[in-house]
Structures are given as C-alpha cells and as structure tokens.
Amino acid sequence: MMQIGSTLPPINLNTFQVKNTGNLRSYGSPKKHLERSNCFSKSMMMKTTNVSTKQHLMNLEKLIGTQPHLILNEPEVKEDGKSDDGLVENGGRGLLEGLNLSRVWPENKAAEQMSPRQLNHLRRLLSKNGIEYSPRNCLAHRWREYHGSNNWSGLLDPLDENLRREMIRYGEFIQAAYHCFHSDPATSPDKAPLPRQVALPDKSYKVTKNLYATSSVGLPKWVDKLAPGLDWMSQRTSCIGYVAVCDDLKEISRMGRRDIVISLRGTATCLEWAENMRDLLVELPGEKNPKYGQPKVECGFLSLYKTAGAHVPSLAESVVEEIKRLKELYKGETLSITVTGHSLGAALALLVADDLSTCAKDMPPIAVYTFGGPRVGNRGFAKRLSSQQVKVLRIVNSQDLITKMPGMFVSEKLDKKLRETTIANKVLNMLDNNMPWAYAHVGTELIVDTRSSPYLKPDADVACCHDLEAYLHLVDGFLASNCPFRANAKRSLRKLADEQNSNMKKLYTSKVSELKLSFKRKEVQFPNCLPSPSQ
C-alpha cells in the first residue's frame, strides 16, 4: 500500500507553543520555553525527510486522484526504505487513517491488518495437516431421505450439514478415481490390465472392481511418436473408475445400510475428448414409451459406455455384472447404490444408473451425485430415469460452461416457464422428438457460485470453474442461496491452492511466504477434464 511521509514541516509549531505558555511555571519563563520549543522544532525538522511541502501536496493530490485498482498494488520497496514514489515506506499511517480513505483500498488494508487469529485460521486451511471434517452424525433413521427418496426436498436451501458432508465424501471418491488413473494412466493393448490400487479417502470402503471405458474410434500409431511418453493420451481403453462397498460394521450402522459406490472420473485422454464432441442424440435400445417418448442420449457418451476393449468388457457390462454379484453376495441386507461422477464421469453416471435400474428385480435404491455434469440426453431420457425411481442430484457451478453443454443454450428456467403454456409445450415436445440437439438436464439441482468464495477470484478462468476441488470447496462453504460463504468452512485450501494458485486472490497468496508455506506444482500436469495446463 502506498504510504505518505510521516511528518509535514512544523510551520505553525511556534505559534502553537506561544498560545500555550500561560501555565508554564514549572517549566521556567516563557522565553526559555520558546527556546526549548525552537530547539524541539529544529530537531523535528532534522527528523523529517528532505521532501518539500510542495512534493507532499503533490503526492497527496496524486493519491486522491488515483484509480482504486491502482492503489491496491503495493509499490516496490527498495533497500533504502523508500518506494518508487519517493515516499517513506512505514511512516504516516495515522495521516492516512485521518484522511478516511478506507473506501479506496478496503481489501488491501484488511490484508495488512489480518489478525493473528485470522492468520492461524489461514495457516490451518493451507496446511497439509490442517484438514478437518464435519462430524459424522448418525443417518440410520433418515438415510433414505439423504439418499434422495424425496428428491432432497428441504435439504438444499439452506443446505443440510449432513447432506453437505455426504456430497463432499462422494466427491472425494471421484478424486480417488482421478488419482488412480493419473498414477498409472497407460494400459497395455496386448493383455488384460492387472487390478489397480485405489487410495480410497474413506477407509470403511473397499474396492471390489476397477472399471474401464473404451472409445469406438482410434488414432494412427504414428501419433504416439510425436509425443514420446504420452502415448496413453491416444489409447482406446483407459481406467475410468471403480466399484467400492462399505465393509465396516460401525459405518454400516451409522449410515443405516451397506452402501455400494460407483465412482467415475472426467475426461483425461484425447479419444475421450473426441467422443465428447460427438454430440448428436441417438436412440437408446428399447421400445418407445407413450408416456415420455423415445429416450435419446449423446452419441459419444453412449459409445464410451457400450464399447468393449480388446481385453476388457465394456463399462456397461462390467458395472451390471459387478452390481449383480454384490447384490447376491449381500442378499438379505439393506443396500443402497450411489453413483458419483465429475464432468464426463457425471454423464456416464446417468447411463450407469439407467442400466442398473432395470437390470434385475428388487434393485436397491439408486442415487446419483454429479459435479459439473453436462447434458446427457433428451427430455424422454430424463423422464425415463424419473419413472424408474433413479434420484439425481446435480451440483452445478453457475460459472461452469460445461454444465450448459451440449445442445442449444436455452435457460432451464425459461424452458420450464414456456412449457406451462399449452401451445409452447406442444411445439417444444415436437422439437424434443425431432431435433438432434434437444438436450435436457436430469434431476434436482444445487447451484453454487465461484464468486461467493472469499478465496477465489470472481473472474476465475473456465478450468477453475470446472475443477472438482473448486466444486468441493464451494459446496463446503455453501449455506444457502441468499447467504455468504460460511466462515467456519472445514475443507483445507491446500489442494485448491496447489491446483488453482493463479485463480486465488492475492490477499491470501501474498500470505504464503509469511506463513512459511510453499506451493510447488508438479512438473507434468495431466488434464482431467479440460485441455488446460492449470487442470
């Protein structure tokens, strides 16, 4: 912050002293007092800077006339203790406060005056070992409600604390799927893959099966020679996620059932991106239902879901087979199936849930938690999922462009309002059945906003707005649609700062050196959902 010299030439100092010589008996005569005053005045003059009164006034005028965003920038401090403007660095704080200029740089002033308590809180949030969790309350009596039996009615706005913790927990399952892939992304084209180790965040679960997705298209082999060591980017089959089941009796008692989790990551390879771009709607197998019409989904998503690899079955076959096996293994117990995914994984999660809901009789309740999910199918597909009692909770960042794709950029609220009128509803229904890009979202929506975070820049880039860790950060701080970011958010900022340091406010990144913390990015960054080096 710009500072002004601490003192001005004491022009009227003698006058002030003369007016106050009436009660100076203990100090001697007025003449002696004036001499002392003059000496004091000379000493004060020696302590002032060599900057003239005219220069001070020019600096003050410059300060008042400067635009606010310029004042927020701190001047470069040189070794002689002066800034580039020739002003004393540490003097005149009282003078600036007397000018009442807090409106000009409120954020930077708050940063300088951050209390020890705030610094300790920031240290905890930025520390590797500073992770805290909300208490695990018993959900046994209300687990069906938290699993979406009533479409999470009354739990989202304001956000129920238990539901917040459940959403973050399922989001961390997706992070484990990302880590499992990035730790060893390559798969052999000549033999079946070996079982992979998954570092589950919740130790009460165990992995029962790795899941793979295969693209129906391929790239020429010479492409791999262009980027040695990154041949996994062009491979057709890649690890996309896993199936895990709760295996801890205490946790089963707390949740009120044995939970089976299917976790799916987002886009990571070139061929997965190629499939994402195949955005024409295609019909799902099965007869047309007169209630909701012909269900259709995106061609690329369905291709990744249904295509089998050379040595691995398709994702559809693997999931259905494993769930049937677990259902039989735990026959007689209360079970639930939770499918969770981010970005591409969110799209595949809906296809998985649709398949599971009809693959066998007496299927356990199925809930889907998605983060940053795109549109997957048409309105017929959405109605089909609803009729099959599949409960979907979509966590959406209002600044995330991926959630508005593919299809026509039509507001969901506007679409809903138009369908309330008879004529518009008939026209839109006709378009749903005939337009190749007539997409519709599925399920219940929870909207968060990057701009609500006190740590992220309001103009954060697209990669940050779609980043999974940013989503979990926003969910952790969400209270209600009309409330600010909660002050007692538990989630550590360490990973967010590691991955999105350029999108964090300088108010906090500037404190890193003061807190003796360092953020070192990995030399190779694998794109998990967007083709950006910041992902």
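Residues numbered from 1 in each chain as written. Predicted model: local features only at pLDDT ≥ 70, side-chain atom pairs only at ≥ 80, totals over all residues. Heavy atoms only, no water.

1. Looking at the confidence of the model for the chain
Logical step 1: Summary statistics for the chain give a mean pLDDT of 76 and a share of 61% for residues scoring 70 or more.
Logical step 2: Contacts for the low-pLDDT stretch residues 1–34, under 50 throughout, to residues beyond four places or in other chains number 51 contacts.
Logical step 3: Across residues 46–51, confidence stays below pLDDT 50; counting only partners more than four residues off in sequence or on other chains, it has five contacts. (pLDDT = per-residue confidence, 0-100. Contact = heavy atoms within 4.5 Å.)

2. Overview of the pairing of strand S8 (residues 391–397)
Logical step 1: Taking burial as the measure, the seven residues of S8 include seven buried ones, the bulk of the element.
Logical step 2: Alternating positions in S8 separate into two faces, Lys 391, Leu 393, Ile 395 and Asn 397 on one and Val 392, Arg 394 and Val 396 on the other, with burial throughout.
Logical step 3: Note that strand S7 (residues 366–371) and S8 share five bridges and pair parallel. Its bridge partner being in S8, Thr 370 is matched across the sheet by Arg 394.
Logical step 4: Taken together, S7, helix H16 (residues 379–387) and S8 form a β-α-β motif whose crossover is right-handed.
Logical step 5: Note: S8 against strand S9 (residues 444–448), five bridges, orientation parallel. By the bridge assignment for S9, Arg 394 is matched with Glu 445. (Buried < 20%, exposed > 50% of the residue type's maximum accessible area, 1.4 Å probe, protein only. Helix = DSSP H or I, 4+ residues; strand = E, 2+ residues; numbered from the N terminus. Pairing = 2+ DSSP bridges. Right-handed = clockwise from strand over helix to strand, strands pointing away.)

3. Quick word on the packing of aromatic side chains
Logical step 1: In total, this model carries six aromatic pairs according to the counting rule given.
Logical step 2: Seen from their ring centres, Trp 152 and Tyr 369 are 5.7 Å apart, and the 70° between their planes marks the pair as edge-to-face. You can see Trp 152 sitting in the loop between helix H8 (143–146) and helix H9 (161–183) and its partner Tyr 369 sitting in strand S7, a full 217 residues away along the chain. Each member of the pair, Trp 152 as well as Tyr 369, carries the same accessibility label: buried.
Logical step 3: Through a chain of ring-to-ring contacts, three or more aromatic side chains come together here, namely Trp 152, Tyr 170, Phe 173, Tyr 205 and Tyr 369.
Logical step 4: Above the plane of the ring of Tyr 170 lies Arg 169, whose end atom (NZ or CZ) is 4.9 Å from the centre.
Logical step 5: Positioned over the ring face of Phe 181 is Arg 265, at 4.1 Å from the centre of the ring. (Phe/Tyr/Trp six-rings, centres within 6.5 Å; stacked < 30°, edge-to-face > 60°. Lys NZ or Arg CZ within 6 Å of the ring centre and 35° of its normal.)

4. Brief notes about the packing of helix H15 (residues 344–356) against H16
Logical step 1: Between H15 and H16, the least distance of the axes is 10 Å, while the angle of their chain directions is 50°. With respect to their mutual orientation, H15 and H16 come out oblique. Where H15 crosses over H16, the handedness of that crossing is left-handed. For the pair formed by H15 and H16, the contact residues are Leu 350, Leu 351, Ala 353 and Asp 354 on the first element and Phe 381, Arg 384 and Leu 385 on the second.
Logical step 2: Residue classes in the contact of H15 with H16 are distributed as five nonpolar, no polar and two charged. (Axes fitted to C-alpha atoms, helices over the stretch in contact; angles between N-to-C directions. Parallel < 35°, antiparallel > 145°, perpendicular 65-115°, else oblique. Left-handed = near helix turned anticlockwise from the far one by under 90°. Nonpolar A, V, L, I, M, F, W, Y, C, P; charged D, E, K, R; others polar.)

5. What about the sheet that holds strand S1 (residues 205–214)?
Logical step 1: Across the sheet, seven strands lie side by side as S1-S2-S3-S6-S7-S8-S9; this open sheet has mixed pairing. Bordering the open sheet on either side are S1 and S9, each of which pairs with just one other strand. Direction aside, the axes of adjacent strands within the sheet are offset by 20° on average.
Logical step 2: In this sheet, S7 lies alongside strand S6 (residues 335–342) in parallel orientation, the contact comprising six bridges. Note that in S7 the partner of His 342 across the bridge is Phe 371.

6. Let's talk about the pattern of salt bridges
Logical step 1: Scanning all chains against the criterion turns up 19 salt bridges.
Logical step 2: One salt bridge connects Arg 278 with Glu 275, and the closest N-O pair in it is separated by 2.8 Å.
Logical step 3: Exposure remark for Glu 275: the relative accessible area of 0% places this residue in the buried category.
Logical step 4: Each of Glu 166, Arg 169, Asp 202, Glu 251 and Arg 254 takes part in salt bridges that share partners, so that together they form one network. (Salt bridge = Lys/Arg side-chain N within 4 Å of Asp/Glu carboxyl O.)

7. So, unusual backbone geometry
Generally, phi is negative for residues other than glycine and the peptide bonds are trans, each holding for most cases.
Logical step 1: Here the bond from Asp 157 into Pro 158 is cis, since omega is 5°, no more than 30 degrees from zero.
Logical step 2: Checked against the element boundaries, Pro 158 lands in the loop between H8 and H9.
Logical step 3: The residue after Met 405, namely Pro 406, is reached through a cis peptide bond having omega -15°.
Logical step 4: Looking at the element boundaries, Pro 406 is found in the loop between S8 and helix H17 (412–418).
Logical step 5: With a phi close to 60°, Trp 152 is a non-glycine residue in the positive phi region.
Logical step 6: In this structure Trp 152 comes out as buried when scored by relative accessible area, which is 1%.
Logical step 7: Positive phi values are uncommon outside glycine, yet Ser 343 reaches one of about 60°.

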